[in-house]
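Listed here are the chains, written in short residue letters.
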Amino acid sequence: MAKKSMIHRDVKRTKLVAKYKERRLELKQLITSVHTSDEDRCQALITLQSLPRDVSPVRQRNRSGLSGRPHGCYRTFGLATSQLRERPMNG
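The structure displayed is predicted, hence computed values, not measured ones.

**Comments concerning the overall build of the chain**
- Scanning the chain for helices and strands turns up three helices and two strands.
- Taken over C-alpha atoms, the radius of gyration comes to 19 Å for the chain, far larger than the 12 Å a tight globule of 91 residues would show.
- For the chain, the spread of C-alpha atoms along the three principal axes comes to 60 × 25 × 15 Å.
- The proportion of buried residues among the 91 residues of the chain is 25%.
- In the chain, the proportion of contacts linking residues at least 24 apart, taken out of those at least 6 apart, comes to 42%.
- Accessible surface computed for the chain: about 7,200 Å², of which carbon and sulfur atoms make up 53%.

Set out below in structure tokens:
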């Protein structure tokens, strides 16, 4: 079983990613667009960098739904490998 603080931290990150998703996409499109001027691109970069760190989806961790275990977790089932074996054995 994972520490409760780590599980809650990951839940908090998930909420922040969902909250800032649209804003990040708009800024990324401005930065990558060919038609954006250099001043606007620079301003968009500064704005993107000023957002909180936990807003980035890369900082999320794929955890097991039952135990919160961070390693050996299957995305399709949302379970760790140990629990994936235990569940069918228990019925």
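**Considering the pattern of salt bridges**
- One pass over the full model with this rule turns up three salt bridges.
- Residue Arg 41 is joined to Asp 38 by a salt bridge in which the shortest nitrogen-to-oxygen separation is 3.5 Å. Taken as a pair, Arg 41 and Asp 38 lie in helix α2 (residues 38-50) at a separation of three residues, close to a single helical turn.
- Take Arg 41: its relative accessible area is 22%, and that puts it in the partly exposed class.
- The class of Asp 38 is exposed, set by a relative accessible area of 59%.
- Residues joined by salt bridges that share partners form a network here, namely Arg 13, Asp 54 and Arg 59.

**Here's the deal with the nonpolar core**
- Core analysis: the largest hydrophobic core is formed by seven residues, namely Tyr 20, Leu 27, Ile 31, Ala 44, Leu 48, Leu 51 and Val 55.
- Contributing elements (two or more residues each) for this core: α1 (4-32) and α2.
- By residue number, the principal contributor to this core is α1, which donates three residues.
- Discounting residues that sit within four places of it in the chain, Leu 51 has contacts with Tyr 20, Arg 23, Arg 24 and Leu 27.

**Observations regarding the environment of Leu 30**
- Its location among the elements puts Leu 30 in helix α1.
- With residues near it in sequence (within four places) discarded, Leu 30 still touches Thr 36, Arg 41 and Ala 44.

**Some remarks on the side chain of Arg 24**
- Topologically, Arg 24 is positioned in helix α1.
- Among buried charged residues, Arg 24 stands out as having no salt bridge; its nearest opposite-charge side chain is Asp 54, 11 Å away.
- Those residues in contact with Arg 24, other than ones at most four positions away along the chain, are Leu 48, Leu 51, Val 55, Ser 56 and Pro 57.

Definitions and cut-offs
- Residues numbered from 1 in each chain as written.
- Predicted model: local features only at pLDDT ≥ 70, side-chain atom pairs only at ≥ 80, totals over all residues.
- Heavy atoms only, no water.
- Helix = DSSP H or I, 4+ residues; strand = E, 2+ residues; numbered from the N terminus.
- Rg over C-alpha atoms; globule rule 2.2 N^0.38 Å.
- Buried < 20%, exposed > 50% of the residue type's maximum accessible area, 1.4 Å probe, protein only.
- Contact = heavy atoms within 4.5 Å.
- Areas by Shrake-Rupley, 256 points an atom, 1.4 Å probe, with all protein chains shown as cover.
- Salt bridge = Lys/Arg side-chain N within 4 Å of Asp/Glu carboxyl O.
- Core = buried A, V, L, I, M, F, W, Y, C linked by side-chain atoms within 4.5 Å.
- Lys, Arg positive; Asp, Glu negative; His and termini not counted.

Coordinates in, geometry out; function isn't part of it.
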